[in-house]
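Take a look at the letters that make up each chain.
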Amino acid sequence: MISQILREARTYEKNEGDLIPEENRPLFHLTPRIGWMNDPNGFSQHNGYYHLFYQYYPYQKKWGPMHWGHAISKDLLNWEFLPAALAPDTTPDSGGCFSGSALSLDDGRHLLMYTGVVRVSDLDDENFVQTQCLAAGDGTDYVKYQGNPVIDNSRIPEGLSRFDFRDPKMWRESDGTYRCVIGGCTKDKKGRILYFRSDDAFHWEFVSVLAANDGSLGTMWECPDFFELDGKYVLLISPQDVLQNEKYSCGNIVVALIGTFDPETGTFIKESEQLVDSGIDFYATQTLLTEDGRRIMTAWMQNWDSIVYTVRSIRWFGQMIVPRELSLKNGRLYQEPIRELNAMQRNRIAYENVKAEGYQTFDGINGRTIDLTVRIRPESEGSLRKFEIRFAEDETQYTSLIFRPSENSLEFDRSNSGTRRAVDHNKKAKVSDNGGELKLRCILDRFSCEFFINDGEQTMSYSLFTDHYSEGISFTASGSAVLDIEKYDLVK
Ligand code: FRU
């Protein structure tokens, strides 16, 4: 039985979403069918399709009572919308169906675990009681479990807040049992990652606190994910309210904790940590393990503090990053666009060993749906002071990326991108010292640009609302550099 609330959402999204012209969406990044999207949810493979759900409020381009939107794909790039999967229509989720995850059961059903929230007061900030709920279905229609909630806060250590207990990420172990990690928080706002186990995915027991915020990394830790990668364990978290320090910029960010794990005791020992993306628009990661053994990550290509950067004429808000293959090299998390993207590459144009001095453009190097790789090196030691690449450029607007070899810094700036909004459009990141050399892979897709630095050692993700006819790309060297440029159009 489909509830009235879900039926209305499905009718609305079909009637309104299908009116959005194709060119008003990215070519291969997932957007909501209509209205608002935040976190990726239920990223999974089921019955031959990848499924990607998302935090969804169809009726407006702003956050509201959370539904789950739904899309499927064979290659993670060509997405087909399915009807919204969940709506806030039962007692334990009357205030919204917050983030969660999905897996396939032996009986063939697709199981979703999400956070049900119930509004208890409008007077303060902490007004949603949060518990974990289940819904099982055939890949299109889902039935909420009668026994919801399956995990409430009576199962968690004392002292944790019932208002911050959300975003279950569950998976199946090779022995057939199930695990999940959930974000929790002390009453004085220190994030905890809680680890649970289950024999059947319906009855869960608390095992351990996997990681705890001592107060130095933001407040609540949202959207955890935990997996083995290249011989280590990676715990992804999205800390809120981070104070700026040497390692991290302020705001809501994504951090990878890398270490070892003892499955017997549920003990994770962190060996290192790193920022996952140095751009402005990146939050709430979620991963899946493909049948061919690749760990693929998606994320919301937005950030809570930059959501006013948008344009009126577009009827959706929020998009996902290009899915990324993860690996660990020398203890560091690397990200590369999924290899499926290579099948979209057309019309290769390349320039090799070109001397760059002052302002230059190159025949055929332009576009807004492209895969562009640029290698920059000084012509001789110290000969390059600054190197700027401008994208989405025309006579009046552009977005720039500035490399300063002497500082090993890369600065992004979209304040001239045509925006009328006074949010932070500028961000600088340190890059590793490679003797003044830099390799950049730039993925542009109409409403975004993503940069993969030095073969995925670092990434930067940004949404972009410049008019699509602005497709110029120029290069300006202060001093002298040598460039290799390779560009493909991305075509479906
Ligand atoms: C992260 C988040 C989650 C929550 C969801 C609500 O962006 O705050 O913790 O489940 O968004 O939409």
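Up top you'll find the structure we're talking about.
Now for a look at the structure at hand. Just so it is clear, the structure is predicted and the values come from calculations on it, not from any experiment.

Further remarks concern the site of the ligand. Taken together, Asn38, Asp39, Gln55, Trp63, Met66, Phe98, Ser99, Arg166, Asp167, Glu222, Tyr283 and Trp304 form the complete shell of residues around the ligand. Trp63 places a side-chain nitrogen or oxygen 3.0 Å from an oxygen atom of the ligand. Interatomic distance of 2.8 Å between a side-chain N/O atom of Arg166 and an oxygen atom of the ligand. Within the complex, the protein chains bury 95% of what would otherwise be the 320 Å² of accessible surface of the ligand.

Let us look at the side chain of Thr131. Mapped onto the elements of the fold, Thr131 is located in strand S7 (residues 128-137). With residues up to four places along the chain from it excluded, the contact list for Thr131 reads Pro92, Tyr114, Thr115, Gly116, Pro149, Ile151, Asp152 and Phe165.

Before going further, it helps to spend a moment on the packing of aromatic side chains. The final tally for this structure, using the stated rule, is 34 aromatic pairs. A ring pair is formed by Phe226 and Phe261, whose centres lie 4.9 Å apart and whose planes are at 85°; its orientation type is edge-to-face. In this pair, Phe226 sits in strand S13 (residues 221-229) while Phe261 sits in strand S15 (residues 255-262), placing the two residues 35 residues apart along the sequence. Phe261 shares its class with Phe226; the two are buried. Ring-pair connections join several aromatic residues into one group, and the members of that group are Trp171, Tyr195, Phe226, Tyr233, Phe261 and Phe268. Seen from the ring of Tyr334, Lys329 lies directly overhead, with NZ or CZ sitting 4.4 Å from the centre.

Looking now at the pairing of S13. One face of the sheet, then the other: side chains in a regular strand alternate in exactly this way. Counting buried residues in S13 gives eight out of nine residues, a clear majority hidden from the surface. Note that S13 and strand S14 (residues 232-239) share seven bridges and pair antiparallel. If you follow Phe227 over to S14, its bridge partner there is Val234. Counting the residues that bridge the hairpin from S13 to S14 gives two residues, and of these Asp230 lies at a positive phi of roughly 45°.

Moving on, we come to the nonpolar core. Counting 69 residues, the largest nonpolar core has Phe387, Phe391, Phe451 and Phe475 as the members making the most contacts within it. Mapping this core onto the domain boundaries places at least three of its residues in each of domain 1 (4-340) and domain 2 (344-490). Residue contacts for Phe387: discarding those within four places in its chain leaves Ala356, Ile376, Leu401, Ile402, Phe403, Phe475, Thr476, Ala477, Ala481 and Leu483. Grouped together as the second largest cluster of nonpolar side chains are 27 residues, Phe227, Val276, Tyr283 and Met297 included.

Criteria and thresholds
- Residues numbered from 1 in each chain as written.
- Predicted model: local features only at pLDDT ≥ 70, side-chain atom pairs only at ≥ 80, totals over all residues.
- Heavy atoms only, no water.
- Near = heavy atom within 4 Å.
- Polar contact = N/O pair within 3.5 Å; in protein donor to acceptor, adjacent residues only side chain to side chain.
- Areas by Shrake-Rupley, 256 points an atom, 1.4 Å probe, with all protein chains shown as cover.
- Helix = DSSP H or I, 4+ residues; strand = E, 2+ residues; numbered from the N terminus.
- Contact = heavy atoms within 4.5 Å.
- Phe/Tyr/Trp six-rings, centres within 6.5 Å; stacked < 30°, edge-to-face > 60°.
- Buried < 20%, exposed > 50% of the residue type's maximum accessible area, 1.4 Å probe, protein only.
- Lys NZ or Arg CZ within 6 Å of the ring centre and 35° of its normal.
- Pairing = 2+ DSSP bridges.
- Core = buried A, V, L, I, M, F, W, Y, C linked by side-chain atoms within 4.5 Å.
- Domains from an automatic or database assignment.

Function-wise, these values are silent; they only describe arrangement.
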